[in-house]
Structures are given as C-alpha cells and as structure tokens.
Amino acid sequence: MKKLTFLFLFIAAFFSLHAQVKEPVKWTSKVEKKSDTEFLLTFNATIEPNWHMYSQYSDENGAIPMSVTFNNAKDNYQVDGKPKESKTEKAFNDVFGVTETFWSNKAQLTQVVKLLPNSNKVVQVAFDYQVCKEVCIQDTKLFQFDLTALTSKQVARFDKIVAKAASVTTVAETANSNTLKDTAKTASVADTVKAKAVASADSTTVAGKDVAVASKTDDEKKDEGLLTIFIVAFLSGFAALLTPCVFPMIPMTVSFFTKQSKSRAAGIRNAITYGISIIVIYVVLGSVVTAIFGADSLNALSTNVFFNLFFFILLVIFACSFLGAFEIMLPNSWANKVDQQADRGGIIGILFMALALAIVSFSCTGPILGNLLVVAASKGGIAPVVGMFGFSLALALPFMLFAMFPGWMNSLPKSGGWLNTVKVSLGFLELALAFKFLSNADLVLQLHFLERETFLAIWIAIFGALTLYLFGKLTLPHDTPSGYISVGRLLLGLTSLSFTIYLIPGLWGAPLKVISGFPPSPTYSESPEGIGSKGASSAAATVLPEGAHAGPHGIAAFKDYDTALKYAKKVGKPLLVDFTGYACVNCRKMEDNVWIDKEILSILTNDVVLVSLYVDYKQNLPESEQYVSPQTGKFIKTIGNKWSDLQITKYSTNSQPYYAFVDGNGQDLKNPKPVGYTPDKEEYLAWLKEGIKNYKK
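Since the model is a prediction, treat every value here as computed from it, not as a measurement.

The rules behind these values
Here the residue index of a chain counts from 1 through its sequence in written order. At least 70 in pLDDT is required for a residue's local features to be given in this predicted model, at least 80 for side-chain atom pairs to be given and counted, and no such filter applies to totals for whole chains, interfaces and linings, which use all residues. Side-chain numbers here rest on the full set of heavy atoms in the structure, without hydrogens or water. Whenever a carboxyl oxygen of Asp or Glu lies within 4 Å of a side-chain nitrogen of Lys or Arg, that contact is scored as a salt bridge. Remark: exposure states derive from per-residue accessible area (1.4 Å probe, protein chains only) relative to the maximum for the residue type, with buried under 20%, exposed over 50%, and partly exposed in between. Strands here mean DSSP runs of E at least two residues long; helices mean DSSP runs of H or I at least four residues long; both are numbered from the N terminus. Every axis in this analysis is a line fitted to C-alpha atoms, fitted for helices over the stretch in contact. Angles between the N-to-C directions lie between 0 and 180 degrees. Any angle that is under 35 degrees is reported as roughly parallel, and any over 145 degrees as roughly antiparallel; angles of 65 to 115 degrees are reported as roughly perpendicular and all others as oblique. The handedness criterion is simple: a crossing whose near helix is rotated anticlockwise from the far helix by less than a right angle is left-handed, and one whose near helix is rotated clockwise is right-handed. Contacts are residue-level and defined by heavy atoms, with any inter-residue pair within 4.5 Å sufficient. Residue classes follow a fixed rule: Ala, Val, Leu, Ile, Met, Phe, Trp, Tyr, Cys and Pro count as nonpolar, while Asp, Glu, Lys and Arg count as charged, and any other residue, Gly among them, counts as polar. Strand pairing follows a simple DSSP-based rule, namely that at least 2 bridges must link the two strands. Surface patches are defined over residues having more than 30% relative accessible area and no salt bridge, joining like charges when they lie within 9 Å and nonpolar side chains (Val, Leu, Ile, Met, Phe, Trp, Tyr) when within 5 Å. Each accessible area is a Shrake-Rupley estimate made with a 1.4 Å probe; only the visible protein chains count as cover when residues are assessed. Think of a polar contact as two N or O atoms within 3.5 Å of one another; within protein, one of them needs to be a possible hydrogen donor and the other a possible acceptor, and neighboring residues in sequence only count if both atoms come from side chains.

Asker: Would you mind going over the pattern of salt bridges in detail, with residue names and values included?
Answerer: Note on pairing: side chains with opposite charge can pair once their charged atoms come close. If you walk through the whole model with that rule in mind, you get four salt bridges. One salt bridge connects lysine 141 with aspartate 139, and the closest N-O pair in it is separated by 3.7 Å. One exposure class covers both lysine 141 and aspartate 139, and it is buried. A salt bridge links aspartate 668 to lysine 650, with the shortest nitrogen-to-oxygen separation between them at 3.5 Å. Here aspartate 668, found in the loop between strand E22 (658-662) and helix H20 (681-696), pairs with lysine 650, found in helix H19 (residues 639-651); they are 18 residues apart in sequence, far enough to count as distant. For lysine 650, a relative accessible area of 30% corresponds to the partly exposed category.

Asker: Just give me the short version of the packing of helix H14 (residues 452-470) against helix H15 (residues 487-503), but keep the residues and values in it.
Answerer: Where H14 contacts H15, the axes come no closer than 8 Å and their chain directions differ by 160 degrees. One finds that H14 runs roughly antiparallel with respect to H15. As for the relative orientation of H14 and H15, their crossing is left-handed in sense. Two secondary-structure elements touch here, H14 through Leu456, Trp459, Ile460, Phe463, Gly464, Leu466, Thr467, Tyr469 and Leu470 and H15 through Arg489, Leu492, Gly493, Ser496, Leu497, Phe499, Thr500 and Leu503. Residue composition of the contact of H14 with H15, grouped by class: 11 nonpolar, five polar and one charged.

Asker: Can you tell me about the sheet that holds strand E19 (residues 609-614), naming the residues and giving the values?
Answerer: Across the sheet, five strands lie side by side as E16-E17-E19-E18-E22; this open sheet has mixed pairing. This sheet does not close on itself; its edge strands, each paired only once, are strand E16 (548-550) and E22. Across the sheet, the mean angle from the axis of one strand to that of its neighbour is 35 degrees, orientation sign disregarded. Across two bridges, the pairing between strand E17 (residues 556-558) and E19 is parallel. Among the inter-strand pairings, phenylalanine 558 is bridged to a residue of E19, identified as valine 611.

Asker: So what's going on with a nonpolar patch on the surface? Residues and values would help.
Answerer: Together, Ile485, Val487, Leu490, Leu491, Leu494, Leu497 and Ile501 give the surface a local cluster of nonpolar side chains, amounting to about 590 Å² of exposed area. Relative to the helices and strands, leucine 490 resides in helix H15.

Asker: Any chance you could break down the side chain of threonine 421 for me, citing the residues and the numbers?
Answerer: Within the secondary structure, threonine 421 is located in helix H13 (residues 417-445). A polar side-chain atom of threonine 421 sits 3.3 Å from a polar atom in the side chain of arginine 489. When sequence neighbours within four positions are dropped, the list of residues in contact with threonine 421 reads Tyr469, Leu470 and Arg489.

Asker: How would you summarise the environment of leucine 503 if you had to cite specific residues and measurements?
Answerer: With respect to the element layout, leucine 503 can be found in helix H15. Relative accessible area serves as the criterion here: at 0%, leucine 503 is assigned to the buried category. Distance in space between the C-alpha atoms of leucine 503 and leucine 456 is 6.9 Å, their sequence separation being 47 residues. Leave out the neighbours within four places in its chain, and leucine 503 touches Leu456, Trp459, Ile460, Phe463, Leu512 and Ile515.

See below:
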C-alpha cells in the first residue's frame with residue numbers, strides 16, 4: 001500500500017509539474033498525388049475550445065501571424081505563394097488597436113508543390129504559429145513528406161512530426177491500407193527549422209475584450225459586430241441628414257406628398273413608400289458592393305497596405321470636399337433623367353424620386369457613405385448591407401414620421417448656416433480618421449514615419465482647428481457671416497476644445513485611454529516615455545549598468561540572463577527574472593498598472609536586478625549557439641527560442657508574464673514561488689517583499 005501511495009504521489013507530482021506546458025492545437029496532415037510532379041499537401045489543425053490560432057494574414061501589430069516555411073525547397077520543388085487557408089474569423093483587439101484574423105476550433109491549410117527535375121522528393125514544412133486564450137502560446141510544428149512511395153491517385157496520411165535531435169521521422173499510411181515504409185531522413189540543424197520564429201513560448205496577446213468574446217458562440221460574435229455596424233451606420237445617416245444637401249429636402253418632400261395626395265392617409269402612404277424606396281436603394285448598393293468584391297475580399301482589402309493608403313487619400317479628398325474646396329457631384333444628366341421618371345407618378349415615380357434624392361445629395365452623402373463602406377468592409381460578410389440599411393433608415397425615418405405627424409414640421413429648425421457648420425465639422429472628423437488608415441499602413445511596413453507623437457500632433461492640429469472654426473475664429477468658403485455663434489455651436493466648440501486639451505499630455509506619455517486603438521501604441525514612438533524624456537523616470541535609472549537599458553518607467557533592465565546574473569552577484573541583489581513578450585498584453589498591463597505603483601517602482605529600481613527575457617524576440621542566435629532542446633526536442637534558433645526554452649526547462653510553464661526570484665548563483669529562491677499575471681498591486685508588492693526578505697536570509 002505504501003508503494004502504491006508513493007507511486008500515486010509521484011505520478012501526481014509529475015503531471016502537476018508538466019501540466020502547465022500547454023499544447024492546445026493538435027495537427028494531422030495528408031498528401032495527395034495530382035500528377036507525376038504535382039502533390040497537394042493538406043494540414044488540419046484541431047484547436048481546443050475558446051483558443052484562437054492566428055492566420056498568416058493577421059495584423060503584425062497584434063498577435064503574431066502564422067509563418068509557413070518550406071525548408072528544403074531549393075532545387076527540390078516549387079510552391080506558388082502562401083498556403084491557402086480555410087475560413088477565418090476577425091475581431092478587433094482594443095489593446096493593440098488592430099483587427100486580428102484567426103481560427104477557432106478547426107483550421108485547414110493546403111499547398112500544391114511541384115517537383116523539380118532531379119528532386120529528392122522530400123518536402124519539409126515548418127509551421128510557426130501563435131494560439132491564444134487568456135494567455136498565448138507560440139509553437140512550431142515540422143512536417144516531412146517522402147513523396148517517392150506515392151503512386152497515382154493514392155493519398156498518404158501523415159501524423160504530427162516533431163524534430164528530435166537532428167533527425168526527422170515521417171510515418172505514412174496509404175488510403176488503401178498499403179503500408180509505406182517508415183522513413184528517417186537526417187537533417188542538418190540549420191535546415192531543420194527555418195521558420196521566422198521557433199519557440200514554445202507564450203505571450204499574452206488577447207485583450208480583455210477579446211477574452212470575453214472568446215467564450216461566446218460564433219453567431220453571437222457576428223451579431224455583436226453587425227449590431228455595431230448598424231449603430232455606426234445609423235448615426236452616420238443621421239449626420240448626413242443634417243447636411244445642406246438633405247435637410248432642406250424634408251419639408252419640401254413631405255409638403256409635396258401631403259398636398260398632391262387626395263387624402264391625408266394617401267399622403268402618409270406615399271411618404272412611407274418614399275422612405276422604403278430610400279432604404280431599398282441603399283441596401284441594393286451595399287449588396288452590389290458585397291457581390292462584386294465578395295465578403296472575404298473586402299475583409300482582406302481593409303487590412304492591405306495599399307488599400308489603407310488608398311482609403312487615406314480617398315478620405316482626405318472627401319474631407320476637402322466637406323471643408324468647401326470643391327463639390328463631389330454625380331453628372332447632372334443622371335439627375336435630370338431620374339427626375340423625368342419621377343413625374344410618372346405611382347410607386348415607380350416615388351421610387352425614382354428617392355433615387356433623385358440619392359443622386360442630388362451625393363455631394364454630402366458620398367463622403368459619409370465612402371467612409372461607412374470602408375468601416376463595414378473591415379467586418380466582411382453582410383456588414384456592407386447592414387451598414388447601408390442603418391444609414392438609409394436614418395435618412396428615411398424623418399420623411400415618414402413628418403408625413404404622419406405634419407405638426408412636427410413647426411419644430412424643425414430653419415435651414416441656414418448651421419447646416420454648413422455640420423458639414424464642415426464632418427470634414428474635420430473625416431480628415432482625422434484618414435490618418436488612422438495612413439497609420440495602419442505605416443505600422444504594417446514598420447516605416448516609423450507616423451509614430452505616436454506625430455499622429456497625436458496631427459490630431460491636435462485638426463481638432464484645434466475645428467475648435468477655432470466652431471468659435472468663429474476660422475471661416476471657410478461656404479460659411480455665412482454671423483456676428484454671434486449659437487449655443488449649440490458653442491457647446492460643440494467647448495467639446496472639441498476639451499478633447500484637444502485631453503490629447504496634448506499624450507505627447508508626454510499620457511496613455512489617452514479614451515482613444516485607445518486609434519493612435520499607435522506608446523512603444524511605437526520616438527520616445528516611449530513622451531517628448532522631452534530621456535527614457536528614465538527615476539533618478540536611479542539615469543546611470544545604467546553596462547549591458548542594461550531603460551525599461552518601463554526608467555527601471556534599469558537587462559535583456560541577457562547571464563549578463564544580468566553576473567551583475568546581480570556583483571551588487572549583492574536578487575535577480576528578478578521577467579519572462580515577457582513584445583506582443584504580450586498582460587505583460588504591458590503589469591508594467592502600466594502595477595509597476596507604476598510608487599512602492600513597487602522603488603523596489604524594482606533599487607532593491608532587485610531586473611532581467612526581461614522576451615520569448616518572441618526574433619533575432620537569430622549565432623550558428624554556434626543554436627541547438628536542439630533536450631527538454632522539448634525543438635530547434636532553438638532565435639534569442640526568443642532560448643528564453644522560452646529556459647522558462648520551460650526551469651519552470652515547466654510557457655505562459656507570460658512570469659516572474660521568478662534567482663540568487664547570485666543562479667538558484668531559484670525556495671520562497672516565494674514564481675508567479676504569473678498578478679494585477680493586484682498589494683499581492684504583487686507582498687510577493688516582491690517576501691523575495692527580498694528570503695534572499696537576505
């Protein structure tokens with residue numbers, strides 16, 4: 001009984017030690033011979049519930065996109081572009097301010113390879129990918145296919161391939177139960193994995209919003225996205241309603257229906273038909289856009305560099321039009337022809353009246369519609385249709401309601417200069433939004449042309465100019481001279497002024513949470529601590545030890561474990577090991593919300609030596625330092641791989657953030673035990689104090 005109890009405890013301890021190393025994605029593969037030289041490779045991934053695996057086309061500024069590398073393609077085979085992907089999902093990550101593309105539950109990738117003359121008929125494929133839930137894991141899978149044994153119309157199914165030492169083993173089985181020989185191909189370490197980043201590492205990239213959504217069904221997430229589009233579209237339609245091209249049409253059109261109709265009921269019926277016709281016209285427009293380009297194409301275009309630049313230029317043109325530089329109008333002949341048809345009367349005539357409204361008002365509605373379609377395109381699916389429905393509903397409702405209740409007409413404000421004020425204000429807003437698309441392109445290309453400070457300076461200038469305009473200090477071409485400003489305009493001006501003042505501290509490092517996701521992150525800036533900062537927010541960090549840099553809040557931080565350990569031993573302080581990642585949301589939350597605490601910041605600055613080990617750091621190790629991990633069997637090629645392997649080997653976990661205390665000899669302190677994400681300041685402070693206390697014993 002004692003032996004059985006001991007065995008049970010040993011097994012329980014073993015599994016508790018290793019259970020933290022997560023592997024939420026299971027892979028299978030198969031290959032089908034299409035011709036003597038062409039083969040179709042298929043990779044299927046089964047993803048555990050509530051986890052997301054990120055696509056090759058996901059925004060690089062969020063979770064790390066999948067990278068697929070064909071290691072031995074040279075002189076052996078050709079591939080045409082990236083592997084084709086099964087249907088993906090999209091969700092906005094409000095921490096990184098980007099739309100991420102991912103799979104839930106299942107994923108499939110396919111690739112056709114074409115053998116070259118004198119090929120050895122061996123194909124090696126390395127998948128480097130990130131999968132996230134509350135935390136994120138970056139992992140690599142290596143597949144090898146020996147195509148020599150395949151005959152025509154045969155399909156081979158391959159199990160998951162894992163690199164062990166310097167060899168790769170492939171097990172294949174044909175569809176007709178003929179067993180192919182097991183093959184073992186020797187691969188050089190340098191050729192085993194040539195992925196962009198190879199690590200069993202975890203960097204938390206799912207924002208709080210994304211995590212909450214992860215537990216919902218796909219239908220619920222789609223419904224929420226479409227509801228957001230509908231609300232934005234409805235508000236956009238209401239804004240278009242308050243422009244000089246549309247607003248004056250309300251009393252004119254309603255008066256026409258009530259006077260020309262034989263009875264009040266007929267007038268109401270005609271006005272309702274008119275409103276429904278407006279909705280039909282714009283919904284058809286959204287349907288045509290979706291049908292021509294396709295939902296997936298619109299989705300892809302919205303995250304493409306060149307189309308982001310196109311959208312930037314387009315919105316700048318629209319903004320200039322609203323500001324009064326020129327009018328964007330459809331040909332007058334269109335309006336004349338449609339107007340002639342409107343005289344036919346009946347339902348057809350009313351439909352053409354609605355079409356005439358759409359054409360005549362295009363100079364005001366066109367820029368808003370263009371902007372709306374861009375936003376809807378980023379959602380894909382039927383979002384453009386939903387968007388057009390919301391927009392047209394806001395336009396149509398006043399015509400229907402005022403026809404039903406003509407007495408309300410007396411409460412409508414008179415047309416005047418305020419309509420142009422609305423139009424110009426929308427122009428300023430479109431100009432500000434345009435720079436978001438330019439920022440997207442800059443972030444993807446990593447040009448550092450439009451960094452955070454530059455972006456904020458542009459927005460401050462735009463909203464500052466809007467403030468001056470609303471206060472009457474700036475006049476534009478179509479403004480009506482007035483000796484005073486209305487109360488409404490004054491309130492809008494005060495709102496714009498308040499927002500402008502709010503933006504200014506962002507130049508000095510303020511987080512600006514109200515507009516989180518619009519400007520580039522603080523790390524994508526000339527000075528992460530703000531303009532005028534020298535990168536250190538504490539006096540103790542102004543003189544940095546050799547090999548250290550100014551980390552968050554000016555804390556002296558090392559990036560190399562051995563260098564930090566030597567320094568910690570020299571100064572007689574405990575080494576605080578911080579396993580982190582550049583794309584780790586919870587790491588940034590700890591740094592921004594917990595480390596900023598005065599007492600915690602003092603300890604991190606004065607009482608410990610901090611080493612931050614970035615598990616997603618993609619710089620290659622020197623070839624002499626590259627190795628295959630005896631713990632995981634994975635090829636350690638990059639610096640990030642090295643730190644990830646260190647975390648797994650020492651602590652049997654692969655999630656970040658992860659904090660541990662180490663003494664000058666590299667031994668872990670028995671107390672306190674390492675901790676992960678700890679948002680409670682008091683709890684984290686107590687953990688730090690316990691580590692320092694036990695180090696001094």
